Amino acid sequence: MSWKSRALSPRSILPALAVLLVLVAGAAAHANKPVPFGDRVAAKGAAEASADPTASLDAADLDLRVGPGLEAYHRATGEHAWSYQREGATALHLEMAGENAVVVWDDGLVTSVRPGDQQVRWHRAVPGLADWLRGAGEPGADKRTEEQRKQQAKVRAAASLYTVQESAPWVAVVTPELTMGFRDADGDLRYNSKPAGNCVYDPERTAATDFAVLVPRSCTNGSGQQVSGGISGYRLDNTGWQLNAGPGVTMKALDGRRVLISDGPIVAPKVFDTRAAAPEAACGSPAEPFAAVPPVGGCAGDGARQQ
């Protein structure tokens, strides 16, 4: 057998160079790719010799605030400890879920941060949230000033985010067209619910306790007139429930388990116990002796007290 060596011609070298250039360009793009979701976490004072940006802090030692990102301050000294910001987005509202800070951003993203070591734990996008925060397409939206739009976004962000603390903390996000529940441990989506028919959820009338989130619905008939809606109750440790309610129902959390439901001048207000998922009996009512939830504090003369 014999073989002859052959030098590579310029034409044969070109494909190899093209492949090499593609690989180099791909490696460079990979090395310079943006941080996912635009996250930027910076420990203040990291440039000082005495500062340790990796040191952990207890959440109780920090004062957390929003704007433009999530900002942490030392409670003892008032000094700025660290900042969590997202490129192109503004933090609007935060709630604590156990030891973790949950933040709503103006681009419709919800994130969970562990304040002690500044770890961003999860990100979740909520469909329609950004449009509702901005009031996109609403009557008069184009006439609002920039300051009015910012203020509206902050108010709506506060109305959209609820945290439930009992057992394993979880997070509820409510918009008119959708409500979603996330397990805070890992951001896992546990439910998403759209209102039926000609109904919308009302985030600004929603109430939360340590056990559940109660979301009212406003409904209209075929002529656009308001009709009776209802209240959807959500929990993660069991099935939810539905309550009948009129179009003007209001709710107020009384404590970590009870919600006062007021449904107009004709229907007497009632107290709903979200731990028992049942209404609290009223003193003197026919249902009082058989109620699943007796009146808190008992009724005069019977000596009964709720445990």
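This text goes with the structure placed above it.
Let us look at the structure shown here. Just so it is clear, the structure is predicted and the values come from calculations on it, not from any experiment.

About the criteria used
- Residues numbered from 1 in each chain as written.
- Predicted model: local features only at pLDDT ≥ 70, side-chain atom pairs only at ≥ 80, totals over all residues.
- Heavy atoms only, no water.
- 1 Å grid on protein atoms, 1.4 Å probe; cavity = no way out; pocket = protein on both sides within 12 Å on 5 of 7 lines; lining within 4 Å.
- Points joined across faces, edges and corners; volume = space filled by probe spheres on them.
- Helix = DSSP H or I, 4+ residues; strand = E, 2+ residues; numbered from the N terminus.
- Nonpolar A, V, L, I, M, F, W, Y, C, P; charged D, E, K, R; others polar.
- Pairing = 2+ DSSP bridges.
- Axes fitted to C-alpha atoms, helices over the stretch in contact; angles between N-to-C directions.
- Phe/Tyr/Trp six-rings, centres within 6.5 Å; stacked < 30°, edge-to-face > 60°.
- Buried < 20%, exposed > 50% of the residue type's maximum accessible area, 1.4 Å probe, protein only.
- Lys NZ or Arg CZ within 6 Å of the ring centre and 35° of its normal.
- Polar contact = N/O pair within 3.5 Å; in protein donor to acceptor, adjacent residues only side chain to side chain.
- Contact = heavy atoms within 4.5 Å.
- Salt bridge = Lys/Arg side-chain N within 4 Å of Asp/Glu carboxyl O.

Let us now look at the layout of surface pockets. By volume, the largest pocket amounts to about 280 Å³. Every residue lining the largest pocket is listed: Thr-90, Ala-91, Leu-92, Asp-106, Leu-133, Arg-134, Glu-146, Glu-147, Arg-149, Lys-150, Ala-153 and Lys-154. If you list the elements that add at least two residues to the lining of the largest pocket, you get strand S5 (91-97), helix H2 (129-134) and helix H3 (146-160). Along the lines of polarity and charge, the residues of the lining of the largest pocket split into 4 nonpolar, 1 polar and 7 charged.

Sheet architecture is open: 4 strands sit in the order S5-S6-S7-S8, paired in antiparallel fashion. One side of each edge strand has no neighbouring strand; the edge strands of this open sheet are S5 and strand S8 (119-125). Between one strand and the next, the sheet's axes are offset by a mean angle of 20 degrees, whatever the strand orientation. The pairing of strand S6 (residues 100-105) with strand S7 (residues 109-114) spans 4 bridges and is antiparallel. Each residue of the ladder has a partner; that of Ala-101, found in S7, is Val-113.

Attention now moves to the packing of aromatic side chains. This structure, assessed with the given rule, holds 5 aromatic pairs. An angle of 5 degrees between the planes, with centres 4.7 Å apart, marks the rings of Tyr-191 and Tyr-234 as stacked. Placement of the pair is Tyr-191 in strand S12 (residues 189-193) and Tyr-234 in strand S16 (residues 226-234), with a sequence separation of 43 residues. Grouping residues by exposure puts Tyr-191 and Tyr-234 together as buried. Among the aromatic residues, those joined into a ring-pair cluster are Trp-170, Tyr-191 and Tyr-234. For the cation-ring pair, Arg-65 lies above Tyr-73, with the distance from its terminal atom to the ring centre recorded as 4.0 Å.

With respect to the element layout, Gln-152 can be found in helix H3. On the basis of relative accessible area, Gln-152 is assigned to the buried category, the value being 13%. Reaching out from Gln-152, the side chain makes a polar contact with the side chain of Arg-144 at a distance of 3.4 Å. When sequence neighbours within four positions are dropped, the list of residues in contact with Gln-152 reads Leu-133, Arg-134, Gly-135, Glu-138 and Arg-144.

A few words on the pattern of salt bridges. On inspection of all chains with the given rule, the structure shows 18 salt bridges. Note that Arg-144 and Glu-138 form a salt bridge whose closest N and O atoms lie 3.6 Å from each other. We classify Glu-138 as partly exposed; its relative accessible area is 24%. In this structure, the salt-bridge partner of Asp-202 is Arg-205, at a minimum N-O distance of 2.7 Å. Assigned by exposure class, Asp-202 and Arg-205 land together as buried. When salt bridges with common partners are traced through the structure, they connect Arg-183, Asp-186, Asp-188 and Arg-190 into a single cluster.

In this section: the sheet that holds strand S10 (residues 170-175). By definition, the strands of a sheet pair up through backbone hydrogen bonds, in either a parallel or an antiparallel sense. Taken in spatial order, the 4 strands line up as S9-S10-S11-S12 in an open sheet, and their pairing is antiparallel. Two strands close off the open sheet at either side, each with one partner strand: strand S9 (161-164) and S12. On average, each strand axis in the sheet is tilted by 15 degrees relative to the strand beside it, whichever way the strands run. Across 6 bridges, S10 lies against strand S11 (residues 178-183) in antiparallel orientation. Bridge pairing in S11 places Val-171 opposite Phe-182. Set on the sheet, H3 makes contact with S9 and S10; between it and S9 the angle comes to about 30 degrees.

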